[in-house]
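Per-entry structural report
Here is what each chain is made of, one letter per residue.
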Amino acid sequence: MSQTHTDEPHGTGLGQRLNWLRAGVLGANDGIVSVASLVVGVAGATTDNAALLIAGLAGLIGGAISMALGEYVSVSSQRDSEHALIAKEREELRTMPEQELAELTELYRQRGLSEQTAHQVAVELTAHDALAAHLEVELGIDQDDLVNPWHAALSSAIAFTAGAILPLLAILLPPPAWRVPVTFAAVLVALAATGALAARIGGSSPVRSSIRLVIGGALALAATWLIGTLLGTTGVV
Ligand SMILES: [Zn+2]
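The structure reproduced in this document is the subject of the present report. Because the structure is a prediction, the values reported are computed rather than measured.

Before going further, it helps to spend a moment on the overall build of the protein chain. Across its full length, the protein chain holds seven helices and zero strands. Secondary structure elements of the protein chain occur, N-terminal to C-terminal, as α-α-α-α-α-α-α. Expected size for 237 residues packed as a compact globule is a radius of gyration near 18 Å; at 25 Å, the protein chain overshoots this value by more than 25%. Here the C-alpha coordinates of the protein chain stretch approximately 80 × 35 × 25 Å along the principal axes. When each of the 237 residues of the protein chain is scored for burial, the buried share is 35%. Look at the contacts in the protein chain between residues 6 or more apart in sequence, and 71% of them connect residues 24 or more apart.

In structure tokens, the structure reads:
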């Protein structure tokens, strides 16, 4: 699971959107790999269509809920701490406005303004919206731009589901003999594409990222297929 969007509290609007996009691509990867290895494992043991459909759907739903829950908890606790910081700042501005003005002046001085300019900026920003000025410079928080935990939960569930649909269709649509090879091929091609996309968004090497994902995905599929096949042929299931 990825929570890259929480890494950059000081990020610009564009940076945050890119982080969201990257988190979405990685969420889709989770859906592809976990449901693909699940259905390939079941396909190693049985050719029963109903068993494949049930296993795949259960994996999709369980995975999407688990992703949403993890994201909800993580974003909620981040938001709680941001709300606590905002409340503390508001209280400090109310009880000791002079120290807070001096603090804001000092922060602008550290950013390279002269004493006089820093003081002028601090005075004008304090008159305009003291809380917003302190939150931005001191804490890097924009009060109107806090991440909503429900949005985060919903988008990671959607990303996971979008990825999970691919192996589900790849295992169910072809005739039995073709199921596993078609799923392997579809998954590895999709992982190469999403790996390259995620790397491009994050500014790292697309080739290296694709190769890592394809090798990891191939190992996951091979392992579950092998286990499914062994269990199926030894008559355990
Ligand atoms: Zn302050």
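There is more to say, and it comes next.
With distances of 1.8 to 2.3 Å, the protein atoms coordinating the zinc ion are E89 (OE), E100 (OE), E103 (OE), H134 (ND1) and E138 (OE). Written as a sequence motif, the donor arrangement for the zinc ion is E-x10-E-x2-E-x30-H-x3-E. Here E89 is found in helix α2 (residues 49–95), whereas its partner E138 is found in helix α4 (residues 115–139), with 49 residues between them in sequence. Taking relative accessible area as the criterion, E89 reaches 3% and is therefore assigned buried.

This next bit is on the nonpolar core. Core analysis: the largest hydrophobic core is formed by 22 residues, its most contacted members being V35, V39, F160, I171 and V187. Secondary-structure elements contributing two or more residues to this core are α1 (13–45), α2, α5 (149–172) and α6 (176–202). Discounting chain neighbours no more than four positions away, the residues touching V39 are L52, G56, P167, L168 and I171. One finds L104, L107, Y108 and A122 within the second-largest nonpolar core, a separate group that totals seven residues.

Bringing the packing of helix α3 (residues 97–110) against α4 into the picture now. Direction vectors running N to C along α3 and α4 enclose 110°, while the axes themselves pass 8 Å from each other. One finds that α3 runs roughly perpendicular with respect to α4. Note on element contacts: α4 touches α3 through E115, A118, H119, V121, A122, V123, L125, T126, A133, H134, V137 and E138, opposite E100, L101, E103, L104, T105, L107, Y108 and R109. For the contact of α3 with α4, a count of residues per class yields 11 nonpolar, four polar and five charged.

Turning to the pattern of salt bridges, a few remarks are in order. Under the criterion given, the structure shown has four salt bridges. The partner of K88 in a salt bridge is E92, and the shortest N-O contact between them spans 3.2 Å. Within this pair, K88 and its partner E92 are both found in helix α2, separated by four residues, close to a single helical turn. For E92, a relative accessible area of 16% corresponds to the buried category. Among the ionic pairs, E106 bridges to R109, the shortest N-O distance being 3.3 Å. With E106 and R109 both in helix α3 and three residues apart, this pair spans about one turn of that helix. Given the relative accessible area of 32%, E106 is considered partly exposed.

On inspection of all chains with the given rule, the structure shows one aromatic pair. With 4.8 Å between their ring centres and 55° between their planes, Y72 and W150 make a pair best called tilted. With Y72 in helix α2 and W150 in helix α5, the pair connects residues that are 78 residues apart, well separated along the chain.

This part covers α3. The end-to-end C-alpha distance of α3 is 20 Å, a good match for the 20 Å that 14 residues give at a rise of 1.5 Å each. Here α3 has its buried residues at E100, L104, T105, L107 and Y108. The arc enclosing the buried residues of α3, seen along the axis, measures out at 160°, which places them on a common side. Opposite the buried face of α3, by more than 90 degrees, sit the exposed residues E98 and Q110. Buried-residue contacts for α3 involve α2 and α4. Two residues or fewer after α3 comes G112, characterised by a positive phi angle close to 115°.

Glancing now at a negative patch on the surface. A cluster of acidic side chains, namely D129, E136, D142, D144 and D145, defines a negative patch on the protein surface. Along the chain, D142 falls in the loop between α4 and α5. The class for D142 is partly exposed, based on a relative accessible area of 44%.

Thresholds applied
Residues numbered from 1 in each chain as written. Predicted model: local features only at pLDDT ≥ 70, side-chain atom pairs only at ≥ 80, totals over all residues. Heavy atoms only, no water. Helix = DSSP H or I, 4+ residues; strand = E, 2+ residues; numbered from the N terminus. Rg over C-alpha atoms; globule rule 2.2 N^0.38 Å. Buried < 20%, exposed > 50% of the residue type's maximum accessible area, 1.4 Å probe, protein only. Contact = heavy atoms within 4.5 Å. Donors = N, O, S within 2.8 Å, 3.2 Å for Na, K, Ca; no water. Core = buried A, V, L, I, M, F, W, Y, C linked by side-chain atoms within 4.5 Å. Axes fitted to C-alpha atoms, helices over the stretch in contact; angles between N-to-C directions. Parallel < 35°, antiparallel > 145°, perpendicular 65-115°, else oblique. Nonpolar A, V, L, I, M, F, W, Y, C, P; charged D, E, K, R; others polar. Salt bridge = Lys/Arg side-chain N within 4 Å of Asp/Glu carboxyl O. Phe/Tyr/Trp six-rings, centres within 6.5 Å; stacked < 30°, edge-to-face > 60°. Expected span 1.5 Å × (residues − 1). Arc of directions from axis to C-beta. Patch = residues over 30% accessible without salt bridge, like charges linked within 9 Å, V, L, I, M, F, W, Y side chains within 5 Å. Areas by Shrake-Rupley, 256 points an atom, 1.4 Å probe, with all protein chains shown as cover. Lys, Arg positive; Asp, Glu negative; His and termini not counted. Charge placed at Lys NZ, Arg CZ, Asp CG, Glu CD.

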